[in-house]
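An overview of the molecular structure
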Amino acid sequence: MKLTVLILAAMLDLIPSGQTFLKPLQTRDSILVADQLEYGFVLEGVESGTGIALPELEGMSSDTLVLVRGWQLDTLTKKKVKTPQGKSWIYDIRASVVIAPFEEGSYQLPELPALRVREGRRDTLLFEASAMEVKTMPVDTATFVVHDLKGQMTYPVTFRELLPYLLGALGLAALVALGIYLVRSLRSRKTGELRPEDPPHIVALRELDKWRAEAFWAPEKQKMFYSGITDTLKTYLEARYGIDAPEMTTAELFEALKGCEGLEPELLAKARELFECADYVKFAKFVATDEQNASALPLAVRLVTTTYQSQVEAESAASGEEAARS
């Protein structure tokens, strides 16, 4: 056991001062492997102004006995007494560490010295060592049977436990509905009536018009440029043909567009090249050429106007046939 430099330099008088104590932190009738125990001593009658130095116990740790917690000082009692110099305080102090054995057997714990410095006098108090007998849980090998590990125990959820969450969800839904109602009411008051939604091709052309500036052709802005164009086209194609375009990959999207009305093979092939270029720019750090940048927006506008025009022609033809029949 290694003592502090202060103790090694000042061991003038060695005074037997009683027995150490060994106290399990878990209430048991015996000490088991891995139990934590408090090991220390009680120092009574310590006058106010007394200095106490304690040994270093790091060397006590081993594979079988571990120092879990270092020294801790606790004041047990505090009394005021009369002295020739006047009134003074007297303390009873408990000093302890926490240890844990990890192997069955008998342990002889070290003696615990403490250096006391009082009124210029130094003396070493020595507390007798304690013995420790560590046991393991007895196993009846004649009847012992190995069982599988059991799963975690679960309990059924009751309606009472769910009720706060249900009420919270209903309250949140009510707040959302109220907010929507208030917003719509405010808009109707300002405009006199709700504004009708624009057709999908008008919305798409309006969004595409935002990307006309050549400033978006800069390498650091190309990802935003191509994402804006392709996202707008996917939203339009979803509204035009009823396909889940925003959630599809490029390959899935153009497989779904095959045979759709108004999409000629040549236009479909060029649109696919646009989407594949956008994928390279967004995910492979590809830098598109000025020629590709210049053709991207006109091609997107052409795709919208061509498909919309085919829709108008189809609707006109259907109206003419219906008029002829009538």
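The structure presented is a predicted model; accordingly, all values stated were derived computationally and were not measured.

Concerning the overall build of the chain
- Of regular secondary structure, the chain possesses seven helices and 11 strands.
- The globule rule puts the C-alpha radius of gyration for 326 residues at 20 Å, and the 43 Å found for the chain is more than 25% above it.
- Dimensions of the chain, computed from the C-alpha atoms along their principal axes, are close to 125 × 60 × 50 Å.
- Considering the chain as a whole, with its 326 residues, one finds that 29% of them fall into the buried category.
- In the form shown here, the chain has an accessible surface area of approximately 22000 Å², with 56% of it arising from carbon and sulfur atoms.
- Of the side chains in the chain, 36 bear a positive and 46 a negative charge, and the two mean positions are spaced by 10 Å.

A closer look at the packing of helix H4 (residues 222-241) against helix H6 (residues 265-283)
- Look at H4 against H6: their axes get within 9 Å of each other, and the N-to-C directions meet at 140 degrees. With respect to H6, the element H4 is oriented oblique. Pair H4 / H6 crosses with left-handed handedness. Contacts between H4 and H6 pair Gln222, Lys223, Tyr226, Ser227, Ile229, Thr230, Leu233 and Lys234 from the former with Leu274, Phe275, Cys277, Ala278, Val281 and Lys282 from the latter.

Quick notes on the sheet that holds strand S5 (residues 51-53)
- Pairing is mixed across the open sheet formed by four strands, whose spatial order is S1-S10-S9-S5. Unpaired on one side and paired on the other, strand S1 (14-19) and S5 mark the two borders of the sheet. Looking at each pair of strands side by side, their axes are set apart by 30 degrees on average, direction ignored.

A few points about the sheet that holds strand S8 (residues 105-108)
- A sheet is described by the order of its strands in space; here three strands give the open sequence S3-S11-S8, paired in mixed fashion. The two strands at the open ends of the sheet, each matched to only one other strand, are strand S3 (31-32) and S8.
- Here S8 pairs with strand S11 (residues 131-135) via four bridges, running antiparallel. What sits directly across from Gln108, in S11, is Ala131.

Some thoughts on unusual backbone geometry
- Non-glycine residue Ala34 carries a positive phi angle of around 80 degrees.
- By secondary structure assignment, the location of Ala34 is in the loop between S3 and strand S4 (37-47).
- Look at Ala34 and you get partly exposed, because its relative accessible area is 37%.
- Of note in the backbone geometry, Lys285 takes a positive phi value of approximately 55 degrees without being a glycine.
- Looking at the secondary structure, you find Lys285 in the loop between H6 and helix H7 (290-325).

Observations regarding the packing of helix H3 (residues 200-208) against H4
- Where H3 meets H4, the axes come as close as 9 Å, and the angle between the chain directions of the two elements is 180 degrees. Comparing the axis directions of H3 and H4 gives the class roughly antiparallel. Listed contacts from H4 to Pro200, His201, Ala204, Glu207 and Leu208 of H3 are Ile229, Thr232, Leu233, Tyr236 and Ala239.
- Residues that form the contact of H3 with H4 fall into these classes: seven nonpolar, two polar and one charged.

Quick word on a nonpolar patch on the surface
- Taken together, the side chains of Val157, Phe159, Leu162, Leu163, Tyr165, Leu166, Leu167 and Leu170 define a hydrophobic patch exposed on the protein surface, amounting to about 860 Å² of accessible area.
- With respect to the helices and strands, the residue Leu163 is situated in helix H2 (residues 159-191).

Remarks on the pairing of strand S6 (residues 65-83)
- With 15 bridges joining them, S6 and strand S7 (residues 86-101) adopt antiparallel strand pairing. Among the inter-strand pairings, Arg69 is bridged to a residue of S7, identified as Val98.
- Linkage of S6 to S7, two consecutive antiparallel strands, is achieved through a turn of two residues.

Some words on the packing of aromatic side chains
- Taken as a whole and judged by the stated rule, the model has seven aromatic pairs.
- Relative to Phe225, the ring of Phe216 has its centre 6.4 Å away and its plane inclined at 10 degrees; by these criteria the two rings are stacked. Residue Phe216 shares its accessibility class with Phe225, and that shared class is buried.
- Ring plane angle 75 degrees and centroid distance 5.3 Å describe the contact between Phe254 and Phe275, whose orientation is recorded as edge-to-face. With Phe254 in helix H5 (residues 250-257) and Phe275 in helix H6, this residue pair connects regions lying 21 residues apart in the sequence. Both residues of the pair, Phe254 and Phe275, belong to the buried class.
- Members of the aromatic cluster, joined through ring pairs, are Trp211, Phe216, Phe225 and Tyr226.
- Taking NZ or CZ as reference, Lys78 lies 4.4 Å from the ring centre of Trp89, over its face.

Parameters and conventions
- Residues numbered from 1 in each chain as written.
- Predicted model: local features only at pLDDT ≥ 70, side-chain atom pairs only at ≥ 80, totals over all residues.
- Heavy atoms only, no water.
- Helix = DSSP H or I, 4+ residues; strand = E, 2+ residues; numbered from the N terminus.
- Rg over C-alpha atoms; globule rule 2.2 N^0.38 Å.
- Buried < 20%, exposed > 50% of the residue type's maximum accessible area, 1.4 Å probe, protein only.
- Areas by Shrake-Rupley, 256 points an atom, 1.4 Å probe, with all protein chains shown as cover.
- Lys, Arg positive; Asp, Glu negative; His and termini not counted.
- Charge placed at Lys NZ, Arg CZ, Asp CG, Glu CD.
- Axes fitted to C-alpha atoms, helices over the stretch in contact; angles between N-to-C directions.
- Parallel < 35°, antiparallel > 145°, perpendicular 65-115°, else oblique.
- Left-handed = near helix turned anticlockwise from the far one by under 90°.
- Contact = heavy atoms within 4.5 Å.
- Pairing = 2+ DSSP bridges.
- Nonpolar A, V, L, I, M, F, W, Y, C, P; charged D, E, K, R; others polar.
- Patch = residues over 30% accessible without salt bridge, like charges linked within 9 Å, V, L, I, M, F, W, Y side chains within 5 Å.
- Salt bridge = Lys/Arg side-chain N within 4 Å of Asp/Glu carboxyl O.
- Phe/Tyr/Trp six-rings, centres within 6.5 Å; stacked < 30°, edge-to-face > 60°.
- Lys NZ or Arg CZ within 6 Å of the ring centre and 35° of its normal.

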